[in-house]
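# Coordinates in review
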Amino acid sequence: IMLASEVTKTDLSLRVCQYNRLALEKDIMSRKETLSLLHKKVQAGFSTQTDENSARRDLANSLINLASQKELCENRINALVFLSGMEKIAIQELIKQSEFEEAEFAILEPQEFPAEIEATALVNHPSVRSAEYETEATWADIAAAKAERLPKINLSALLTGQWINAAGSTINFATWSLGSGILGVVFDGGKGIANVNASQARFRKSISVLQTTLRTAVQETQDALAAKESANERYEAAMIALNAAQSSFKANEALWQNGSVSLLEFEDARRQLLTAQTNLITAKCDRVEAWITLRSMLGEPTH
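Quick caveat: nothing in here was measured; it's all calculated off a predicted structure. (Residues numbered from 1 in each chain as written. Predicted model: local features only at pLDDT ≥ 70, side-chain atom pairs only at ≥ 80, totals over all residues. Heavy atoms only, no water.)

What follows deals with the pattern of salt bridges. By the definition in use, this model includes nine salt bridges. A salt bridge links D11 to R15; the nearest nitrogen and oxygen atoms lie 2.9 Å apart. Here R15 and D11 lie together in helix α1 (residues 2-44), a separation of four residues that amounts to about one turn. E52 is the partner of R56 in a salt bridge, and the nearest nitrogen-oxygen pair spans 2.6 Å. (Salt bridge = Lys/Arg side-chain N within 4 Å of Asp/Glu carboxyl O. Helix = DSSP H or I, 4+ residues; strand = E, 2+ residues; numbered from the N terminus.)

Helix α6 (residues 191-257) packs onto α1 with a crossing angle of 20° between their chain directions and a minimal axis gap of 12 Å. When the axis of α1 is compared with that of α6, the two are roughly parallel. The two elements α1 and α6 meet at a crossing, and its hand is left-handed. In contact with S30, T34, L37, L38 and K41 of α1, α6 contributes F249, W256 and Q257. In terms of residue class, the contact of α1 with α6 is built from four nonpolar, three polar and one charged. (Axes fitted to C-alpha atoms, helices over the stretch in contact; angles between N-to-C directions. Parallel < 35°, antiparallel > 145°, perpendicular 65-115°, else oblique. Left-handed = near helix turned anticlockwise from the far one by under 90°. Contact = heavy atoms within 4.5 Å. Nonpolar A, V, L, I, M, F, W, Y, C, P; charged D, E, K, R; others polar.)

Let us now look at the packing of α1 against helix α7 (residues 263-297). A pair of packed helices is characterised by two quantities: the angle between their axes and the separation of those axes. For the pair α1 and α7, the least separation of the axes is 10 Å and the interaxial angle reads 170°. Our classification of the angle between α1 and α7 gives roughly antiparallel. Classifying every residue of the contact of α1 with α7 gives 14 nonpolar, nine polar and seven charged.

In this section: the state of the cysteines. By the definition in use, this model includes one disulfide. Each disulfide pairs two cysteine sulfurs, and for C17 the partner residue is C73, the sulfurs being separated by 2.1 Å. Disulfide C17 to C73: torsion about the S-S bond roughly -105°, handedness left-handed. Pair noted here: C17 is in helix α1 and C73 is in helix α2 (residues 49-84), with a separation of 56 residues, a long-range link. (Disulfide = S-S within 2.5 Å.)

Okay, the packing of aromatic side chains next. Describing an aromatic ring pair means giving the distance of the ring centres and the angle of the ring planes. According to the stated counting rule, one finds three aromatic pairs in the structure shown. Centre to centre, the rings of F249 and F266 are 5.5 Å apart; their planes meet at 20°, and the pair counts as stacked. Of this pair, F249 sits in helix α6 while F266 sits in helix α7; the two residues are 17 residues apart in sequence, bridging distant segments of the chain. Summarising the aromatic geometry, the rings of W256 and F266 are spaced 5.2 Å apart at their centres and angled 10° between planes, so their arrangement reads as stacked. Pair noted here: W256 is in helix α6 and F266 is in helix α7, with a separation of ten residues, a long-range link. Each residue in the set F249, W256 and F266 is aromatic and connected to the rest through ring pairs, giving one cluster. The lysine or arginine in question, K41, covers the ring of W256, its NZ or CZ lying 4.2 Å from the ring centre. R287 extends its terminal NZ or CZ atom over the ring of Y235, reaching a point 4.5 Å from the ring centre. (Phe/Tyr/Trp six-rings, centres within 6.5 Å; stacked < 30°, edge-to-face > 60°. Lys NZ or Arg CZ within 6 Å of the ring centre and 35° of its normal.)

Here T135 lies in helix α5 (residues 126-148). Excluding residues within four positions of it along the chain, T135 makes contact with F203, S206, I207 and L210.

A word on α7. If you check α7, its first and last C-alpha atoms are 51 Å apart, about what 35 residues at 1.5 Å a residue would give, namely 51 Å. Of the residues trailing α7, G299 is marked for its positive phi of about 75°. (Expected span 1.5 Å × (residues − 1).)

Within soluble globular proteins, side chains that are nonpolar tend to cluster in buried spots. Counting 21 residues, the largest nonpolar core has W256 and L263 as the members making the most contacts within it. Every element with two or more residues in this core is listed here: α1, α2, α6 and α7. Per-element accounting of this core gives the leading share, seven residues, to α7. Contacts of L263, omitting those with residues within four sequence positions, involve T34, L38, D51, A55 and W256. Of all hydrophobic cores here, the second largest spans eight residues; its members include V16, I281, V288 and W291. (Core = buried A, V, L, I, M, F, W, Y, C linked by side-chain atoms within 4.5 Å. Buried < 20%, exposed > 50% of the residue type's maximum accessible area, 1.4 Å probe, protein only.)

When pLDDT is averaged along the protein chain, the result is 77, and 76% of the positions lie at 70 or above. Residue range residues 153-167 is modelled with pLDDT below 50. Its contacts to residues more than four positions away, or to other chains, number 33 contacts. Here residues 169-186 is a poorly scored stretch, pLDDT under 50, and it has 28 contacts once near neighbours within four places are set aside; other chains count. (pLDDT = per-residue confidence, 0-100.)

This is the structure in structure tokens:
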């Protein structure tokens with residue numbers, strides 16, 4: 001379950017990375033068009049060389065950011081190779097089959113979760129289940145340690161005169177006898193009782209770990225629910241901000257081409273649009289990540 005959760009989150013991270021890469025590529029194409037138009041304005045005497053140099057500098061910075069973004073996406077692919085055990089070429093082929101041109105729609109809408117989750121549902125949390133099994137195992141170890149202190153009769157060795165084994169020591173026939181019961185006292189230097197005490201200590205420790213794990217699972221679930229609610233609110237606000245930024249950018253682009261606004265104002269509108277796009281995809285990513293976390297908290301595999 002935890003592996004499936006990690007694979008899904010890495011795939012989601014790759015989709016976000018691809019979206020940001022495409023946004024940067026679109027931004028660079030727009031900047032190149034702006035630079036070409038600005039160069040013509042400089043030649044015609046309608047703009048200054050300083051404006052052209054500033055636009056060229058901003059384009060170079062965007063190209064640097066794009067190179068870094070491509071490296072980040074490549075790292076995400078390598079992470080998927082590591083997690084899945086698939087060949088890199090197979091992962092790349094799957095990515096080609098996914099349409100990232102509309103990457104914001106490639107991130108699926110998460111299912112709704114109830115505002116509250118019953119505490120009994122957390123027994124399926126992978127960490128809680130693991131701690132529970134560990135506690136059961138340490139409880140069984142106590143019985144096993146106690147059983148080790150009792151004599152063991154090996155009937156196949158009866159004729160040899162060495163047929164009783166207790167605490168790892170073989171007792172000869174002269175020490176023990178079979179009558180109405182087994183007689184004699186086994187001296188093991190306190191090893192048996194020490195093993196029992198150690199097993200009981202491990203059990204008490206496992207109980208403490210189980211309690212801590214359960215509290216941690218509750219906290220993580222509450223954090224995931226809070227993150228989901230926060231992401232939903234930010235997503236709605238980000239949609240409004242994106243629509244406003246798109247309208248503002250188109251208006252400023254038309255005004256700049258007509259010479260009504262400065263290049264500085266136009267580039268500021270472009271930056272606001274890119275920021276709005278990034279905020280939207282981040283909020284959408286956070287919504288899905290919270291959903292993935294909640295699924296794993298409840299012990300449900302992520303598909």
